[in-house]
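Chains, contacts and geometry: an overview
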Amino acid sequence: MACLTAGVASVLVLISVLTTLSGWGSLEVREQVESTLDASPVTGTLSVDQALGWLRIILMAAGALATASIVLAVWTAKRHRGARTGLTVVSLLSTVTFASMGASGIIPAILGVMVVIFLWSAESRAWFAGREHQQPRADTDSRQVAATPVHTTTTPTTPTTPVAPAAAPSPVRAPEPGAEGSQPPPAARPYAAGPGSYQHPFPGPGQPPAPYGQQPSAPYGRPVTLPRPRPLITAAVTGTVLSALVAAVFGLNALIYLISPTQYAEMLANPPMFSASEVQELIGDDPQGYARQMFLLSLTLGALGIAGAVTSLGLLARKPVARIVFTAVAALGMVASVVLAPLGLVWLVAQAACVVLVWRREVTAWLRVGR
């Protein structure tokens, strides 16, 4: 998952960089830089030519970093330890870079943090070390094992008496009538049975003794309690943060339209990173109608973001239906991300990663035990 996320995000960044550099000498790029400088506080300290020179250097560095991240992701997937270290460094640099860009770089920065967490998780460390990852046991037989009491026998204490000399063995006699109560209870398993069916009532070395008549692993008659799996927590936190961000951004747009539709239409007619021709092509001859369409889109995406945050938090409630609802809401979000491409492709990768995490085997086992 770490290699897939880093590779797909780096491919998207590389495509964006190459697209921008291919039209570098056009008038649209210069106008976008000019409008950005007019809206920034560094207007008097940096000219347009200087800004274009620095921007070109930054884009080339971003392209080189994205190319290196793709190569390192491939070699990390091949179990190369040095590539994992290099991919970690590149992901941290990308996280710091995107975080410094403000609100537009929050989602890529969160993806960079997810890549680092996945690379150095317990399961990844065990895989790179060449050993098997020890996962908590959560099979369906845990209830049956916990509900089956262990038969233990106690020997009553008797006063110590002198031991008489050994006598000759007496012949075997048939049991007398009415003497069934004096016979020992039958064995819990056949004498020729293997050791696998026997459950030892005593704990191993270094473990505290269990209470009398109870199992050492769990209280008598109760199933084993397992902690929440890490993939589930990662998916819940990521889904909640990203959904809350989407709900806040598009909910604010819808609120501005409800307060003042005219001011909202004027705000859409003066975007900082678009030229006049592009704005005219988007809005057309009806700014109020375009503002109304953007309001409906913002209202829909805001409601979808709220639903995503609620269902992400519902994953922690240990209800199997919460995972199904979360998957359905994530599918709707993926469709919206494809429609809003290329900006929504990063959101698409994050949603796909969350869906994969909540359907892992340890999450399924954790939900089964909680039924």
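Residues numbered from 1 in each chain as written. Predicted model: local features only at pLDDT ≥ 70, side-chain atom pairs only at ≥ 80, totals over all residues. Heavy atoms only, no water.

1. Focus on the UniProt feature "transmembrane region" (unreviewed entry) in the chain
UniProt's feature table lists "transmembrane region" (unreviewed entry) at residues 53–75, 105–122, 232–259, 294–317 and 324–350, given in the numbering used throughout. Each end of residues 105–122 is marked by a C-alpha atom, and these two atoms are 28 Å apart; helix forms 83% of the span and strand 0%. (UniProt positions renumbered as here; feature names shortened; annotations may be inferred. Helix = DSSP H or I, 4+ residues; strand = E, 2+ residues; numbered from the N terminus.)

2. Points about the confidence of the model for the chain
Per-residue pLDDT for the chain averages 75, and the proportion of residues at 70 or more is 67%. Every residue in residues 138–148 is under pLDDT 50, and counting partners more than four places away or in other chains gives 19 contacts. (pLDDT = per-residue confidence, 0-100. Contact = heavy atoms within 4.5 Å.)

3. A few points about the packing of helix H9 (residues 261–269) against helix H11 (residues 287–314)
Where H9 contacts H11, the axes come no closer than 9 Å and their chain directions differ by 95°. Compared by their axis directions, H9 and H11 come out roughly perpendicular. In this structure, H9 uses Pro261, Thr262, Tyr264, Ala265 and Leu268 to contact H11, whose residues at the interface are Pro287, Gln288, Tyr290, Ala291, Met294, Phe295 and Ser298. Across the contact of H9 with H11, the residue classes break down as nine nonpolar, three polar and no charged. (Axes fitted to C-alpha atoms, helices over the stretch in contact; angles between N-to-C directions. Parallel < 35°, antiparallel > 145°, perpendicular 65-115°, else oblique. Nonpolar A, V, L, I, M, F, W, Y, C, P; charged D, E, K, R; others polar.)

4. Description of empty space enclosed by the protein
Scanning the model with the defined rule gives one cavity of 30 Å³ or more in all. One number sums up the size of the largest cavity: a volume of about 160 Å³. Around the largest cavity sit 17 residues that line it, and Ser243, Gly308, Ala330, Trp347 and Gln351 are the ones nearest its centre. Taken together, the elements giving at least two residues each to the lining of the largest cavity come down to helix H8 (230–259), H11, helix H12 (320–339) and helix H13 (345–358). Of the residues forming the lining of the largest cavity, the biggest block, five residues, is contributed by H11. The class makeup of the residues in the lining of the largest cavity is eight nonpolar, nine polar and no charged. (1 Å grid on protein atoms, 1.4 Å probe; cavity = no way out; pocket = protein on both sides within 12 Å on 5 of 7 lines; lining within 4 Å. Points joined across faces, edges and corners; volume = space filled by probe spheres on them.)

5. Observations concerning the packing of H8 against H11
Relative placement of two packed helices is described by the angle separating their axes and the distance separating the axes. Where H8 meets H11, the axes come as close as 7 Å, and the angle between the chain directions of the two elements is 150°. When the axes of H8 and H11 are compared, the pair comes out roughly antiparallel. Taken as a pair, H8 and H11 cross one another with a handedness that is left-handed. Partitioning the contact of H8 with H11 into residue classes produces 15 nonpolar, nine polar and one charged. (Left-handed = near helix turned anticlockwise from the far one by under 90°.)

6. Here's the deal with unusual backbone geometry
For arginine 79, which is not glycine, the phi dihedral falls at a positive 75°. Residue position: arginine 79 is located in the loop between helix H3 (48–77) and helix H4 (81–99). Residue arginine 79 is classed as partly exposed on the basis of its relative accessible area, which comes to 40%. A positive phi is found at arginine 318, a non-glycine position, where the angle reads about 60°. By secondary structure assignment, the location of arginine 318 is in the loop between H11 and H12. (Buried < 20%, exposed > 50% of the residue type's maximum accessible area, 1.4 Å probe, protein only.)

7. Some points on H3
The first and last C-alpha atoms of H3 sit 43 Å apart over 30 residues, in line with the 44 Å expected at 1.5 Å per residue. Every buried residue of H3 is listed here: Val48, Ala51, Leu52, Leu59, Gly63, Ala66, Ser69, Leu72, Ala73 and Thr76. Two residues or fewer after H3 comes arginine 79, characterised by a positive phi angle close to 75°. (Expected span 1.5 Å × (residues − 1).)

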